[in-house]
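# Geometric and topological summary
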2 protein chains.
Amino acid sequence: MRSTDELRSEILAAARTEFAQFGLAGARIDRIARNANASKERLYAHFTDKETLFRVLAAQDSAEFHNAVPIRSNAVAEFAGDVYDLAIRWPEHVRMMTWARLENVTLDTPPQNGTSGASKAITAITQAQQEGLVDPDWAPFDLVTLLFGIGLAWAHSPAQAAITDEPTTIARRRAAAVKAASRVIATGPL
Amino acid sequence: MRSTDELRSEILAAARTEFAQFGLAGARIDRIARNANASKERLYAHFTDKETLFRVLAAQDSAEFHNAVPIRSNAVAEFAGDVYDLAIRWPEHVRMMTWARLENVTLDTPPQNGTSGASKAITAITQAQQEGLVDPDWAPFDLVTLLFGIGLAWAHSPAQAAITDEPTTIARRRAAAVKAASRVIATGPL
């Protein structure tokens, strides 16, 4: 017999695969239940309905993704490269966040230890600006948004050529993301 | 009586609203037919099934979006601002392209006049590099991808704060996209 916790985590794993591939509307609860070796009734006992299960997972994936790429005030450009790497490593997380945005599912998670991931990023940027490591003219939120835009540029591109598993191409693009970010944050005249 | 062309264009307009909001899986053909004042039978006579209708529209929206923001070799940084503006003006086009990517619907459209939008962008970047207006070290495809990533950074952000209709904020973000792009393409030492 599986424990309640084991069952719950197997349902979540099956749900991630299903939702990442098909989205909220396209996912099938019976396929999730089958892949978790659970009945639909037991699944619904843990998660009220399909949308609740999607919300739980999307919020969890978004929090995991953002926690895995902290911005350090002394390595702001490197952050764009870390985001690029993580999008390659965790494509299902990126897909979950994108489906959630299109479905208007809000992912703003409750702050951890009193500070949300977003406000930690703003704090790191502000500190880097005070230390003269980042152009102080950038509004911190806009800069964080641009750094994610740079790191995720290939993941968000509709072009077939943006999809690759070729190590040389991946290394070149990661370096391009870091180079672009380091130019964007540069202090002093250009 | 509506002409066949009128009916077709009313179906497409109703379909864009429906698909942009709900995606391929979430869209309802009966709602599209009702909003176009057409029967489902007439709709299916024009478009074989829901997926065909989605493919036609997504390819059309993608081509319209890309044709509306040509890259000029003498104003490459401005391109990021044009992309930012267009994402504000045509949010449904951006949503259609994003749904299509998640649904693995390929949007690579046949070349117009022998040249696809993508290869026109590559040509413009290559020319700007030859003219000394853009850092020649960038791989042209990577640079085009980065410029889209910068222009669409707010549109792709999951943060609630990225959504705004406040003219001052929009103007500041557009300027931020152009400034970021101009730094990324800059020639010479930083």
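Right, let's walk through the structure included here. (Residues numbered from 1 in each chain as written. Chains lettered and ligands numbered in written order. Predicted model: local features only at pLDDT ≥ 70, side-chain atom pairs only at ≥ 80, totals over all residues. Heavy atoms only, no water.)

## Overview of helix H8 (residues 140–151) of chain B
Residues and elements named next belong to chain B. Counted only if it meets this: In DSSP terms, a helix is any run of H or I states spanning at least four residues, a strand is any run of E spanning at least two, and both are numbered starting from the N terminus. For a helix, the expected span equals 1.5 Å multiplied by the number of residues minus one. Think of it in three bands: with a 1.4 Å probe and only protein chains considered, a residue is buried below 20% of the maximum accessible area for its type, exposed above 50%, and partly exposed in between.
Look at H8: 17 Å from first C-alpha to last across 12 residues, which is about the 16 Å you get at 1.5 Å a residue. Across the 12 residues of H8, 10 count as buried, placing the element largely inside the fold. Listed as buried for H8 are Asp142, Leu143, Val144, Thr145, Leu146, Leu147, Phe148, Gly149, Ile150 and Gly151.

## Overview of the interface of chain B and chain A
For clarity, the cut-off: In this description, contact between two residues means that some pair of their heavy atoms is separated by no more than 4.5 Å. Accessible-area loss on putting two parts together, using a 1.4 Å probe and summing over both, is the definition of buried area adopted here. Salt bridge, as used here: a side-chain nitrogen of Lys or Arg that lies within 4 Å of a carboxyl oxygen of Asp or Glu. Each residue gets one label: Ala, Val, Leu, Ile, Met, Phe, Trp, Tyr, Cys and Pro are nonpolar, Asp, Glu, Lys and Arg are charged, and the others, such as Gly, are polar.
Chain B puts 44 residues into the contact, and the matching count from chain A is 44 residues. Both faces considered, chain B and chain A share a buried interface measuring about 3,900 Å² in area, 65% of it formed by carbon and sulfur atoms. For the salt bridge of Asp142 of chain B with Arg173 of chain A, the shortest nitrogen-to-oxygen distance reads 3.3 Å. Elements with a contribution of two residues or more to the side of chain B that touches chain A: helix H1 (4–26), helix H6 (91–102), H8, helix H9 (153–156) and helix H10 (167–185) of chain B. No other element matches H10 of chain B, which puts eight residues into the side of chain B that touches chain A. Class assignment of the residues belonging to the side of chain B that touches chain A gives a composition of 21 nonpolar, 12 polar and 11 charged.

## Some remarks on the environment of Asp137 of chain B
You can see Asp137 of chain B is positioned in the loop between helix H7 (117–130) and H8. Judged by relative accessible area, which is 63%, Asp137 of chain B ranks as exposed. Apart from residues lying up to four places away in sequence, Asp137 of chain B is in contact with Lys179 of chain A together with Gln129 of chain B.

## Let's talk about empty space enclosed by the protein
Cut-off, in case you're wondering: Both site types are read off a 1 Å grid over the protein atoms alone. A 1.4 Å probe that fits but cannot get out defines a cavity, while an open set with protein on both sides within 12 Å along at least five of seven lines defines a pocket; lining residues have an atom within 4 Å of a point. Grid points are joined across faces, edges and corners, and a volume is the space filled by probe spheres set on the points.
Applying the stated criterion across every chain yields a total of one cavity of 30 Å³ or more. Here the largest cavity defines a volume of roughly 40 Å³. Lining of the largest cavity is provided by 14 residues; of these, Ala25 and Trp99 of chain A together with Ala25, Trp99 and Glu103 of chain B occupy positions nearest its centre. When residues of the lining of the largest cavity are traced back to their parent elements, those giving at least two are helix H1 (4–26) of chain A together with H1 of chain B.

## A word on the pattern of salt bridges
Residue and element names in this part refer to chain A. In the structure shown here, the tally under the stated rule is 24 salt bridges over all chains. Ionic pairing is found between Arg55 and Glu51, a salt bridge with its closest N-O pair at 2.9 Å. With Arg55 and Glu51 both in helix H4 (residues 50–68), this residue pair falls four residues apart, about one helical turn. The exposure class of Arg55 is partly exposed, given its relative accessible area of 37%.

## Regarding the packing of H1 of chain A against H4 of chain A
Residues and elements named next belong to chain A. Note the following rule: Geometry is summarised by axes, namely lines fitted to C-alpha atoms with helices restricted to the contacting stretch, and by angles between N-to-C directions that run from 0 to 180 degrees. Any angle from 65 to 115 degrees is called roughly perpendicular, while one under 35 is roughly parallel, one over 145 is roughly antiparallel, and all others are oblique.
Where H1 meets H4, the axes come as close as 10 Å, and the angle between the chain directions of the two elements is 100°. As the angle between them shows, H1 and H4 are arranged roughly perpendicular. Here H1 contributes Ile11, Leu12, Ala15, Arg16, Phe19, Leu24 and Ala25 to the contact with H4, which in turn contributes Lys50, Glu51, Leu53, Phe54, Val56, Leu57, Gln60 and Asp61. For the contact of H1 with H4, the residue count by class is 10 nonpolar, one polar and four charged.

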